[in-house]
Amino acid sequence: MNWRQPHTGGMVMLLAVMAVLPLFLDNSFQYEIAIKVALNAAVCVGLNLLIGYTGQISLGHAGFFALGAYSSAILTDRYGLPPMAAMLTGALGVGLLSFIIARPILKLKGHYLAMGTLGMGVIISIVLNQEADFTGGPDGMSVAALTIFGWEPVTEFQWYWIAVGFLALCVWLSLNLINSPVGRALRAVHGSEIAARTMGIDTTHYKVLVFVVSAVMACLAGSLFAHYNGYITPSKADFFYSIELVTMVVLGGMASTFGAVIGAVVLTVVPQVLTVFENYEMMVFGGVLMGMIIFMHKGLLPTLSEFIGKRFHEPDKR
Amino acid sequence: MGGDLNLGAIHMLKLLTKCAAIVAVGALGFTGALVSQAKADEPIKIGTFLSVTGGASFLGDPELKTMQMFIEDLNANGGLLGRKVELIHYDSKTSSEEAGTFVKRLIFQDKVDIIVGGSTTGNTMAVIKQIQKNEIPFISLAGAGVIIDPVKKWVFKTPHTDKVAVAKIFKDMKSRNLSKIGILSGNGGFGKSCQKNARALAGSAGIEILADETHGKGDTDMTPQITSIKSTAGVQAFLYCGFGAPTSIVAKNFKQLGLTIPHYQTHGSASMRFIKGADGAAEGIRIPAAALLVVDQLADDHPQKAVASAYKAAYESRYNDSISTFGGHAYDGLLIATQAIERAGSTDKETVRAEIEKTNNLVGVDGIFTMSPNDHLGLNEGSFVMVVVKDGGWKLSQ
Amino acid sequence: MLAEFLQYLISGVTVGAIYGLVGIGFSIIYNSSQVINFTQGEFVMIGGMATVSLISAGVPMPLAMLGAVALATIVGVALEKFCIEPSRNAPVVTLIIITIGASIFLRGTAEVLWDRNFHSLVPISGDNPIDIAGAKLLPQSIWIVGSLMVIVCGLWLFFNRTLLGKAMLATSYNRLAAQLVGIEVRNILLLSFVLSSTLGAVAGILIAPISMTYSTVGVMLGLKGFSAAIVGGLGNPMGAILGGLIVGIAEAMTAGYISSAYKDAVAFIIILAVLFFMPNGLFGRKVVEKV
């Protein structure tokens, strides 16, 4: 927690945007989008640690999100746990699960890792679909309302603060992790794992750490989503949601925490705008996605900040 | 990377603030910009969210086409209460989470007067909390009984429940002295729900399920599952619960494996696509379906004959495609909604809701609707018939 | 007993052969570009859907098939030219996302251009199953497995006996060295897309009589094909065939003997198990990481 960190400015800006945004939101639907953006962004911030900083691909994070959502749903509904306890139990369970599978899975490289994580996600999704007695199957199940020490958020306005609060926490954690010795080790892993290992860095240890952190962030976001939405179906465990999350990270700009947030903003809002295309919606969405990434390989934030940096002749580094 | 972005990030976030403002006021207001007009010449807004793409597009596609046709015809005939009717539609892509978001959009952004939609049970169940909380009349087009049982004040539905379909099949089996069956179901929402109902109803219907198999989404070959059922001793009949391409694949696989026991499918197969896709292998398969499917064979004095044939003729000539019973659910949903608004004389939500509940002897294409405070479906088993595939077409059984 | 086992095997081999065919496409493109091309499944869809729409427009079946393959190939070339080539130096994840964007675009286009219904194709030589010890074998299955064999032989000859094929192999081993000995690496990349899209479309046409064809048929097939390529070891086209057969047979046997509800899960568990013990797949080259 060092306020002299170079990212402090960005963090302050983010908090400012969060604080001001409600002035521009004038109905429940717009709040809903803001809440979804915040929760997606929180998952992306965690996922970005994994993809952007350690260079490990995961095509299975939707699985962790869904596990969080369903542990909240099932533990409160079937076992009568209070929501906060259910959420923490879920997070603990997912933390443990991801810790156990992290070592064998992270031994895989590149596309094999993509396949490994994809397989893991698919298996979670199949179990959620099949165990209908617990999960309600593909039709899903309803989720009890969230209570935080007796207080129950009801309005979208209240939920907005919970969601952005959670996002701020994730961003803050992520920035601190990046600027700690752990972060430097991570970047070394991304640069060259063998070189890092030769330098005496226990690369596996750090990769496992980041994997677990990102899984738990996804899991908590899932829990919050389930309580907010009041209903959950296995489609959130779907392979496509995993892809969507990775796309948000890549689109925003890899290895940039704020980039991940921006990626989530764009990919959550764009589909709402594209509904005007009706039948052509999917076509346009695919085209826009392709185009944005082809013309901005590095992602939105790095490309734009490069552009802005050039225009104002400001030094890039402090 | 990472460390050198601080200043850029500040600029970006400034930009983001602006973007957020634009997004909030501009992009999201895309469709909701017309709100400030005077009430009288403002159209009546009917909102809908359907699975036009994604896993249940076989439902959403004909539903949307039907609704667009219905609204256009309605406006051509002077609209409703002297006002034009506007259909605001979003594609839920069969995702329940998207359905939830779109319902909020319909309620708060587009400020619709009534919602008719929700192709699947999952999509419908995911929005019920919002509907109830925000008190807007909602007519669902999805199958499961749980939607209206227990009764929810603002929620109605038009299709027969999956339970009725299964009960109908079991009754037909019993009448043919078949009591030991094997089931294959798709693992999507539709198949799962049908499987659950079959398991639940089997005991009381005197049916014994000897084999209970499942297939996955996008599977291309079901012979292993059917072989497994085939080799289960004592199976007298086969039931497939599912929809879309697998219905035809199962029919083909079933025939290829040389099985000759009676073959049943559900209303998920109630479309000419199924017969054409199976390429001759569908002959003799029996399904329960709304009378709409065999409207030509209904007696001339059958109460549904006129409505159903009119719908069939209009749909088929307009879209150059054969009807399915799913479009019929949407037709009935709009019929109930527009008649209720007509009777209410306004779009006041509580009055319209009360009028929907008073729907009495309304002849739709699915059947005849009589709703009450305890019955938000208002259809009985009677309007459901068994049909059998014969000579590449549907034939009314019984 | 035997009849059932044979039936599961036949089903597994047929489906596995298709997974393998899709998997080869992944491998060929991976070899020349290190890109995982997630539009591979869409080539399968284009093959089937274009054939159906051409036939319904009155084109005779063989011509319709050729036309469909040609269309898929054109799409493949366009994809390489306009999407992959401008992004040559982008990170691997970025390239994956571009191909995913392309696959969404193609699916969307197909739904607008054609429809969202499912269609069937008439099997090449009839629908009457052949009886083998109580198990039924479809003529179409023979076509599928036969075509696969022809393609395998063709590819083997191509990679081992022709200069162009050897140039492709050389590029996959060492891009820079290949360029230095005068191989036009960019053309090789284009060629790999031509080959993959053609093979994908062929797979789509072959399987349509069995699985039907519709705008989203490529989604699951693409995923399974990717699994096949990974199990066999990325970059080894023959490995992809074997991988496909392993996945297909595992699915069919699980559905028959263990649990049809968990058949896909079991297939993925097998894949994970293979990867845990052989992190480069069954026949993958060991990736030597340079410092």
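Residues numbered from 1 in each chain as written. Chains lettered and ligands numbered in written order. Predicted model: local features only at pLDDT ≥ 70, side-chain atom pairs only at ≥ 80, totals over all residues. Heavy atoms only, no water.

Visitor: What exactly am I supposed to notice about the overall build of chain C here?
Guide: A tally of regular secondary structure across chain C gives 11 helices and 2 strands. Listed by position from the N terminus, the elements making up chain C come as α-α-α-α-β-β-α-α-α-α-α-α-α. Overall, the C-alpha framework of chain C stretches about 60 × 50 × 35 Å when taken along its three principal axes. By residue count, 60% of the 291 residues in chain C fall in the buried class. Considering only intrachain contacts with a sequence separation of at least 6, the fraction spanning at least 24 residues in chain C is 75%. For chain C, the accessible surface area stands at approximately 10,800 Å², while carbon and sulfur atoms represent 72% of it. Charge-centre separation for chain C: the mean point of 14 positive side chains lies 11 Å from the mean point of 12 negative side chains. (Helix = DSSP H or I, 4+ residues; strand = E, 2+ residues; numbered from the N terminus. Buried < 20%, exposed > 50% of the residue type's maximum accessible area, 1.4 Å probe, protein only. Contact = heavy atoms within 4.5 Å. Areas by Shrake-Rupley, 256 points an atom, 1.4 Å probe, with all protein chains shown as cover. Lys, Arg positive; Asp, Glu negative; His and termini not counted. Charge placed at Lys NZ, Arg CZ, Asp CG, Glu CD.)

Visitor: So what exactly am I meant to see when it comes to the overall build of chain B here?
Guide: Helix and strand counts for chain B stand at 12 helices and 14 strands. For chain B, buried positions account for 65% of its 398 residues. Carbon together with sulfur atoms contributes 54% to the accessible area of chain B, which is approximately 13,400 Å² in total.

Visitor: Would you explain a nonpolar patch on the surface in this entry?
Guide: All names here are of chain C. Nonpolar side chains collect at one region of the surface, where Met 1, Leu 2, Phe 5, Tyr 257 and Ile 258 lie side by side and expose about 600 Å² of accessible area between them. In this fold, Tyr 257 is placed in helix α10 (residues 237-258). Taking the relative accessible area as the measure of exposure, Tyr 257 reaches 41% and is therefore partly exposed. (Patch = residues over 30% accessible without salt bridge, like charges linked within 9 Å, V, L, I, M, F, W, Y side chains within 5 Å. Salt bridge = Lys/Arg side-chain N within 4 Å of Asp/Glu carboxyl O.)

Visitor: I keep staring at helix α9 (residues 217-232) of chain C and nothing clicks. Help me out?
Guide: The α-helix winds at 3.6 residues per turn, so residues separated by three or four positions along the chain end up facing the same way. Residues and elements named next belong to chain C. Across its 16 residues, α9 extends 23 Å between first and last C-alpha, which sits within 8% of the 22 Å expected from 1.5 Å per residue. In terms of residue burial, α9 counts as a mostly covered element, since 16 of its 16 residues are buried. Gly 233 lies just past α9 and shows a positive phi near 105 degrees. (Expected span 1.5 Å × (residues − 1).)

Visitor: Teacher, can you tell me more about the state of the cysteines here?
Guide: Between two cysteines, a covalent bond joining their sulfur atoms is known as a disulfide. Residue and element names in this part refer to chain B. Here the structure, examined in full by the defined rule, presents 1 disulfide over all chains. Between the sulfur of Cys 194 and that of Cys 241 lies a disulfide, 2.1 Å long from S to S. One end of the pair, Cys 194, is in helix α6 (residues 189-205); the other, Cys 241, is in strand β8 (residues 237-241), with 47 residues separating them in the sequence. Here Cys 194 matches Cys 241 in class, with each residue buried. (Disulfide = S-S within 2.5 Å.)

Visitor: Got a minute to help me understand the interface of chain C and chain B in this structure?
Guide: How big an interface is tends to be stated in terms of the accessible area lost upon association of its parts. Listed per partner, the contact involves 33 residues of chain C and 33 residues of chain B. Surface buried jointly by chain C and chain B totals about 2,700 Å² across both partners, of which 54% is contributed by carbon and sulfur atoms. Interface area lost by chain C to chain B is led by Arg 116, Phe 118 and Ser 260 of chain C, which between them contribute 22%. Connecting chain C to chain B are 2 salt bridges. Between Asp 61 of chain B and Arg 116 of chain C there is a salt bridge, and its shortest N-O distance comes to 3.0 Å. The tally of links from chain C across to chain B stands at 9 residue pairs in polar contact (both at pLDDT 80 or more). Counting residues per element, the ones that place at least two in the side of chain C that touches chain B are α1 (2-33), α8 (185-211), α9, α10 and α11 (263-277) of chain C. A per-element tally of the side of chain C that touches chain B places α1 of chain C first, with 5 residues. Within the side of chain C that touches chain B, the residues separate by chemical class into 17 nonpolar, 8 polar and 8 charged. (Buried area = accessible area lost by both parts, 1.4 Å probe. Polar contact = N/O pair within 3.5 Å; in protein donor to acceptor, adjacent residues only side chain to side chain. Nonpolar A, V, L, I, M, F, W, Y, C, P; charged D, E, K, R; others polar.)

Visitor: Explain the sheet that holds strand β2 (residues 85-91) of chain B to me, please; I cannot follow it from the model alone.
Guide: Pairing between the strands of a sheet is mediated by backbone hydrogen bonds and can be parallel or antiparallel. All names here are of chain B. Here 5 strands make up an open sheet; going across it, the order is β2-β1-β3-β4-β5 and the pairing parallel. Edge positions in the sheet fall to β2 and β5 (155-157), since each of these pairs with one other strand and no more. Here the strands of the sheet are splayed against their neighbours by 25 degrees on average, with no regard to which way each runs. Across the sheet, helix α2 (residues 57-76) touches β1 (44-50), β2 and β3 (114-117), and the angle it forms with β2 is around 165 degrees. (Pairing = 2+ DSSP bridges. Axes fitted to C-alpha atoms, helices over the stretch in contact; angles between N-to-C directions.)

Visitor: Help me understand the pairing of strand β14 (residues 393-396) of chain B, please; the structure alone is not making it clear to me.
Guide: Looking down a regular strand, the side chains alternate between one sheet face and the other. Residues and elements named next belong to chain B. Here strand β13 (residues 384-390) runs beside β14; their pairing, made up of 4 bridges, is antiparallel. Paired with Val 389 across the bridge in β14 is Trp 394. The hairpin formed by β13 and β14 contains 2 residues between the paired strands, and Asp 391 there has a positive phi angle of roughly 50 degrees.

Visitor: Mind showing me how you'd approach the pairing of β13 of chain B here?
Guide: Residue and element names in this part refer to chain B. Most of β13 sits inside the fold, with 6 of its 7 residues counted as buried. Inspection of the sheet shows strand β10 (residues 286-290) paired to β13 by 5 bridges, in the antiparallel sense. Each residue of the ladder has a partner; that of Ala 289, found in β13, is Val 385.

Visitor: Whenever I open this one, the nonpolar core confuses me. Can you help?
Guide: The nonpolar side chains of a soluble globular protein tend to be buried with one another. Counting 208 residues, the largest nonpolar core has Leu 118, Tyr 160, Leu 167 and Val 171 of chain A, Ile 226 of chain B together with Ile 24 of chain C as the members making the most contacts within it. If you tally residues by element for this core, the top one is helix α2 (residues 28-54) of chain A, at 15 residues. Contacts of Ile 226 of chain B, omitting those with residues within four sequence positions, involve Leu 184, Phe 238, Val 250, Asn 253, Phe 254, Leu 257 and Leu 259 of chain B. (Core = buried A, V, L, I, M, F, W, Y, C linked by side-chain atoms within 4.5 Å.)

Visitor: Hey, could you run me through the packing of aromatic side chains in this one?
Guide: Each aromatic ring pair is described using two quantities: the centre-to-centre distance and the angle formed by the ring planes. Residue and element names in this part refer to chain B. Per the stated rule, a full pass over the model turns up 25 aromatic pairs over all chains. Between Phe 70 and Tyr 331 the ring centres are 5.3 Å apart and the planes differ by 80 degrees, which places this aromatic pair in the edge-to-face class. With a gap of 261 residues between them, Phe 70 in helix α2 and Tyr 331 in helix α11 (residues 325-344) connect regions that are remote in the sequence. Using a relative accessible area of 16% as the deciding quantity, one classes Tyr 331 as buried. (Phe/Tyr/Trp six-rings, centres within 6.5 Å; stacked < 30°, edge-to-face > 60°.)

Visitor: What should I look at first to understand the domain arrangement of chain B in this one?
Guide: Residues and elements named next belong to chain B. What the domain assignment lists for chain B is domain 1 (39-161 + 309-379) and domain 2 (163-296 + 384-396). Once you take the C-alpha centre of each, domain 1 and domain 2 turn out to be 28 Å apart. Counting from both sides, the interface comprises 16 residues of domain 1 and, opposite them, 16 residues of domain 2. When the two sides are added together, the surface that domain 1 and domain 2 hide from each other amounts to roughly 1,500 Å², 65% of it contributed by carbon and sulfur. Interface area lost by domain 1 to domain 2 is led by His 160, Thr 161 and Thr 325, which between them contribute 34%. (Domains from an automatic or database assignment.)

Visitor: Is there a simple way to think about the environment of Thr 94 of chain C in this case?
Guide: Mapped onto the fold, Thr 94 of chain C is located in helix α4 (residues 92-113). As for Thr 94 of chain C and Pro 60 of chain C, which are separated by 34 residues in sequence, their C-alpha atoms are 41 Å apart.

Visitor: How should the pattern of salt bridges be read in this particular structure?
Guide: Side chains bearing opposite charge may pair, as long as their charged atoms lie close to each other. Inspection of the entire model under this criterion finds 30 salt bridges over all chains. Glu 72 of chain B serves as the salt-bridge partner of Arg 318 of chain B, at 3.1 Å between the closest nitrogen and oxygen. Taken together, the positions of Arg 318 of chain B in helix α10 (residues 305-319) and Glu 72 of chain B in helix α2 put the pair 246 residues apart, joining distant regions of the chain. Looking at Arg 318 of chain B, the relative accessible area reads 36%, which means it is partly exposed. A salt bridge links Glu 251 of chain C to Lys 224 of chain C; its shortest N-O distance comes to 3.1 Å. Of this pair, Glu 251 of chain C sits in helix α10 while Lys 224 of chain C sits in helix α9, placing them 27 residues apart in sequence. Under the relative-accessibility criterion, Lys 224 of chain C is labelled buried at 4%. Connected via shared salt-bridge partners are Asp 219 of chain B together with Lys 224, Glu 251, Lys 263 and Asp 264 of chain C.

Visitor: Before we go on, may I ask you to explain the packing of helix α5 (residues 139-161) of chain C against α8 of chain C in this structure?
Guide: Residue and element names in this part refer to chain C. Their axes nearest at 9 Å, the elements α5 and α8 cross at an angle of 165 degrees. Accordingly, the angle class assigned to the pair α5 and α8 is roughly antiparallel. By crossing handedness, the relation of α5 to α8 is classed as right-handed. For the pair α5 and α8, contact is made by Gln 140, Ser 141, Trp 143, Ile 144, Ser 147, Ile 151, Leu 155 and Phe 158 and by Leu 191, Leu 195, Leu 199, Val 202, Leu 206, Ile 207, Pro 209 and Ile 210, respectively. Here the residues of the contact of α5 with α8 are counted per class, giving 13 nonpolar, 3 polar and no charged. (Parallel < 35°, antiparallel > 145°, perpendicular 65-115°, else oblique. Left-handed = near helix turned anticlockwise from the far one by under 90°.)

Visitor: What is the right way to look at the confidence of the model for chain B in this model?
Guide: Low pLDDT marks regions whose predicted coordinates should not be analysed in detail. Put simply, chain B has an average pLDDT of 86, and 89% of its residues get 70 or more. For the stretch residues 1-10 of chain B, pLDDT sits under 50, and the model shows 19 contacts to residues farther than four places along the chain or on other chains. (pLDDT = per-residue confidence, 0-100.)

Visitor: Looking at this structure, how should I read the environment of Thr 158 of chain B?
Guide: Residues and elements named next belong to chain B. Within the fold, Thr 158 resides in the loop between β5 and α5 (162-175). Sequence separation between Thr 158 and Ser 140 is 18 residues, and the spatial gap between their C-alpha atoms is 6.6 Å. Separated by 3.1 Å, the side chain of Thr 158 and the backbone oxygen of His 329 make a polar contact.

Visitor: I keep staring at the environment of Asp 279 of chain B and nothing clicks. Help me out?
Guide: Within the secondary structure, Asp 279 of chain B is located in the loop between α9 (272-278) and β10. Setting aside anything within four residues of it in sequence, one finds Asp 279 of chain B in contact with Lys 252 of chain B together with Pro 123 and Asp 127 of chain C.

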